[in-house]
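Fold and contact review
These are the residues of each chain, in order.
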Amino acid sequence: MTSVIRAFGSEVLKFRRWSVLAGTGAMVLVSTFIAYLTFHQIASGATGKEMTGLIEAFRTPQGLVAVIGQARSVIIAIALIMVAANLASEWTLGTLRNLLVLQPHRLRWLAGKMLALVLFVLLSMLLTLVVSGAFILILAPGQGIRTEAWTSADGLGIFVEFLGNEALCLVGISALGMLVAVLTRSVVTAVGVGLAYILVLEGIIAVVAPEVSQWFPGRVFNTIVGATVPMVGPTPLQGYPAALGAALLWIVGLVVVSAIVFPRQDVKA
Amino acid sequence: MNAIETHGLIKHFGKRTAVDGLTMSVPEGSITGFIGPNGAGKTTTLRLLLGLVRPDAGSATVLGHSLTEFERYLPRVGALVEAPAVYPGLSGRTNLEVLARLGGHPRSRVGEVLETVELSDRARDRAGTYSLGMKQRLGVAMALLPDPELLILDEPANGLDPLGIIGMRGMLRLLRGQGKTILLSSHLLGELEHVADWLVMLHEGKSVYCGTARELLSQRVELVIEPEDDLQRELVTRITNAAGHAVTTEEGALRIACPAGFDKALDRQARETGVTNLTIRVEQPSLEQLFLALVKGQRP
Ligand SMILES: Nc1ncnc2c1ncn2[C@@H]1O[C@H](COP(=O)(O)OP(=O)(O)OP(=O)(O)O)[C@@H](O)[C@H]1O
Ligand SMILES: [Mg+2]
């Protein structure tokens, strides 16, 4: 246990890099910008067909989450890049050989590092939602939009539920990023494979065979959030409890496979 | 006692055999020079000893523990493998702190090793801005961090200026004085002649010499022959090759690194074929010449 805590502490020191902080920065900026665009469109009376649901939800307690949640796929993509690139960079930089001589119990190192990384991703997400939420709340009165429903007990309850599911979604995405990094062992390949899988491959399968793809990891991590607030993403076809169970199983599976593969690999980096 | 012993260690990378039945030893408290041409398998051997890659066959013990229990001995080992790997975005000091925290070493140790490698005044700069030699110093500092009993250094002098090399020599002797064992892979043979008391020479994944440096240097001589014509040149080459030694030509003179006494055999055999006027000069060879002879002698 002490060695996992040491690995965690050692990882935290490495957050002081621009390459790491840039992920958080991008997440906050892009999400806030997308939330602002959405808000602006609705507030200025846009009436697109694809907007009707959003416009209806806008004045309900779900309104704020529906607006700031529009950038969810960006948050997922950035989180995946953050985890996969960060872990894979230990191979690309060659620093893994330094680390594993000091902590030869590879799984303890991986556990400490991943705990720190997941925590960092979750804090980045929280910061993103708080910043974009606050931004919209500040803008709203100036546009004559009433925010009481959003900040009501109902509204806050929805926000917390959304936050919980979003956190679970990102834990799943991090587990996926970990496995991709362990398998590819290179920053460029890890990011490429990770994004191609989640954006392209699962996307294609979702179109051709939705009843199969609804069980895929990227899909269930995504749909459990859509279950709370349907405006922010696809909803689970199989229902929330089944999707939640599948998400948890996928997380366990991704962790177990990484834990089997990593200690057996040759470190040639 | 040996700090390291390997028996028939084998490692393949795909079809290529990087380490091919390596049997060698490193005595405790020695500075052992680990030499061999590019691609001989030095770095791969070090990776095997550090538990970074798994052997396909063979066994080894390090600090009294089997290679398979590398978790047991690695806390007492410090290593620099290949070019130093650093986080370019972190300062030299933070790079060391990352490792100190992971290994549970006190923070004060970071300042100490920075002093040892004379990097203190640049410790706050980003490691990405360091020169080649400064990165190398940082890599050596990383290896020293755990105050190891066994220090494994892979070409540590790479990129160091003359002062740095002399400093490194002093540091290695100091560490040996403290009873530590140092395994030092290097291509700077002249430098190794200064510091190494044990030598392991690798060629194509096998050990071609494993013993004291003094023995290698004293039991071996270099013969210098200036042949008078091509007939003599061919004769000497033929006799020498038949005896399993290599001939190198330098400015018209033939040079042969061989065990002491081969000059007599050569002269006798030459006389038997009627050549009586061969002049053979016996010289004390440098490690570099022995290296060439051993490595070339291995090739048919
Ligand atoms: N990751 C790898 N994949 C494939 N082959 C490898 C790998 N690492 C090493 N090799 C091969 O193994 C052999 C030994 O390489 P190694 O790096 O151990 O040599 P070395 O003695 O350290 O050489 P140098 O003096 O150039 O550092 C070489 O033929 C090399 O091509
Ligand atoms: Mg090498």
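Values in this document were obtained by computation on a predicted structure and should not be read as measured data.

Basis of the calculations
Residues numbered from 1 in each chain as written. Chains lettered and ligands numbered in written order. Predicted model: local features only at pLDDT ≥ 70, side-chain atom pairs only at ≥ 80, totals over all residues. Heavy atoms only, no water. Salt bridge = Lys/Arg side-chain N within 4 Å of Asp/Glu carboxyl O. Helix = DSSP H or I, 4+ residues; strand = E, 2+ residues; numbered from the N terminus. Phe/Tyr/Trp six-rings, centres within 6.5 Å; stacked < 30°, edge-to-face > 60°. Pairing = 2+ DSSP bridges. Axes fitted to C-alpha atoms, helices over the stretch in contact; angles between N-to-C directions. Patch = residues over 30% accessible without salt bridge, like charges linked within 9 Å, V, L, I, M, F, W, Y side chains within 5 Å. Areas by Shrake-Rupley, 256 points an atom, 1.4 Å probe, with all protein chains shown as cover. Buried < 20%, exposed > 50% of the residue type's maximum accessible area, 1.4 Å probe, protein only. Contact = heavy atoms within 4.5 Å. Buried area = accessible area lost by both parts, 1.4 Å probe. Polar contact = N/O pair within 3.5 Å; in protein donor to acceptor, adjacent residues only side chain to side chain. Arc of directions from axis to C-beta. UniProt positions renumbered as here; feature names shortened; annotations may be inferred. Core = buried A, V, L, I, M, F, W, Y, C linked by side-chain atoms within 4.5 Å. Domains from an automatic or database assignment. Parallel < 35°, antiparallel > 145°, perpendicular 65-115°, else oblique. Left-handed = near helix turned anticlockwise from the far one by under 90°. Nonpolar A, V, L, I, M, F, W, Y, C, P; charged D, E, K, R; others polar.

1. A closer look at the pattern of salt bridges
Residue and element names in this part refer to chain B. This model, assessed by the stated rule, comprises 26 salt bridges over all chains. A salt bridge links E112 to R109; the shortest N-O distance between them is 2.7 Å. Of this pair, E112 and R109 both sit in helix 4 (residues 108-116), three residues apart, which is roughly one turn of the helix. Here the salt bridges do not stand alone but share partners, grouping E222, E226, E250, R255, R281 and E283 into one network.

2. A closer look at the packing of aromatic side chains
Residues and elements named next belong to chain A. For the structure shown, the criterion picks out six aromatic pairs over all chains. Between the aromatic rings of F39 and F58, the centroid separation amounts to 6.1 Å while the plane-to-plane angle is 55°, which identifies the pairing as tilted. Placement of the pair is F39 in helix 2 (residues 18-43) and F58 in helix 3 (residues 52-58), with a sequence separation of 19 residues. Aromatic side chains W91 and F262 sit 5.7 Å apart centroid to centroid with 75° between the ring planes, which places their arrangement in the edge-to-face category. Here W91, found in helix 5 (residues 72-92), pairs with F262, found in the segment after helix 13 (240-261); they are 171 residues apart in sequence, far enough to count as distant.

3. What to know about the sheet that holds strand 12 (residues 247-250) of chain B
Residue and element names in this part refer to chain B. Spatial ordering of the open sheet is given by 12-13-11-14, a layout of four strands whose pairing is antiparallel. A single partner strand is all that each edge strand has here, and the edge strands are strand 12 and strand 14 (280-283). On average, each strand axis in the sheet is inclined to that of its neighbour by 30°, with strand direction left out of account. Note that strand 12 and strand 13 (residues 253-259) share four bridges and pair antiparallel.

4. Here's the deal with a nonpolar patch on the surface
Residues and elements named next belong to chain A. Where nonpolar side chains cluster on the molecular surface, the patch consists of L199, V200, I204, V207 and V208 and spans about 520 Å² of accessible area. Inspection of the secondary structure assignment puts V208 in helix 10 (residues 187-208). Relative accessible area serves as the criterion here: at 66%, V208 is assigned to the exposed category.

5. Let's talk about the interface of chain A and chain B
Taken together, the 30 residues of chain A in the interface contact 34 residues of chain B. Summed over the three residues of chain A that lose the most area to chain B, namely A:R97, A:V101 and A:L102, the buried surface amounts to 24% of that side. Here chain A and chain B share one salt bridge between them. When the shortest N-O distance is used, the salt bridge between B:K11 and A:D266 registers 2.6 Å. For the pair chain A and chain B, the number of links is 14 residue pairs in polar contact (both at pLDDT 80 or more). Among the elements of the structure, helix 1 (2-13), helix 6 (95-102) and helix 7 (106-142) of chain A are those that each provide at least two residues to the side of chain A that touches chain B. It is helix 6 of chain A that provides the largest number of residues to the side of chain A that touches chain B, a total of seven residues.

6. Examining helix 4 of chain B
Residues and elements named next belong to chain B. Every buried residue of helix 4 is accounted for by R109, V110, V113 and L114. Down the axis of helix 4, the sector holding all buried residues measures 135°, keeping them to one side. Buried-residue contacts for helix 4 involve helix 3 (92-103) and helix 5 (132-144). Looking one or two places after helix 4, you find E118, whose phi comes out positive at around 55°.

7. Things to note about the UniProt feature "transmembrane region" (unreviewed entry) in chain A
Residue and element names in this part refer to chain A. The UniProt record marks residues 20-39, 74-93, 114-138, 158-180, 187-209 and 240-262 with the feature "transmembrane region" (unreviewed entry), using the residue numbering of this structure. Across residues 20-39, the secondary structure splits into 100% helix and 0% strand, with the terminal C-alpha atoms separated by 29 Å. As a span, residues 158-180 carries 100% helix and 0% strand, and end to end its C-alpha atoms are 33 Å apart.

8. Comments concerning the nonpolar core
Within the largest apolar cluster, 162 residues are counted, with the highest numbers of intra-cluster contacts made by A:L87, A:W109 and B:L50. With 14 residues, helix 9 (residues 153-184) of chain A is the single largest residue contributor to this core. Two domains share this core, each providing at least three of its residues, namely domain 1 (2-204) and domain 2 (217-295) of chain B. When near neighbours in sequence (up to four residues on either side) are disregarded, B:L50 contacts A:V101, B:L74, B:V77, B:A79, B:V81 and B:I152. By size, the runner-up hydrophobic cluster in this structure holds 15 residues, among which are B:V221, B:L235, B:L254 and B:A270.

9. Quick word on the packing of helix 5 of chain A against helix 7 of chain A
All names here are of chain A. Remark: helix 5 packs on helix 7, axes separated minimally by 11 Å, with the N-to-C direction vectors making an angle of 150°. On the basis of their axis angle, the class for helix 5 and helix 7 is roughly antiparallel. Judged by the sense of rotation from one axis to the other, the crossing of helix 5 with helix 7 is right-handed. Together, I75, A79, M82, V83, N86, L87 and E90 of helix 5 and W109, L110, K113, M114, L117, F120, V121, S124, M125, T128 and L129 of helix 7 make up the contact between the two elements. When the residues that make up the contact of helix 5 with helix 7 are grouped by side-chain class, the tally is 13 nonpolar, three polar and two charged.

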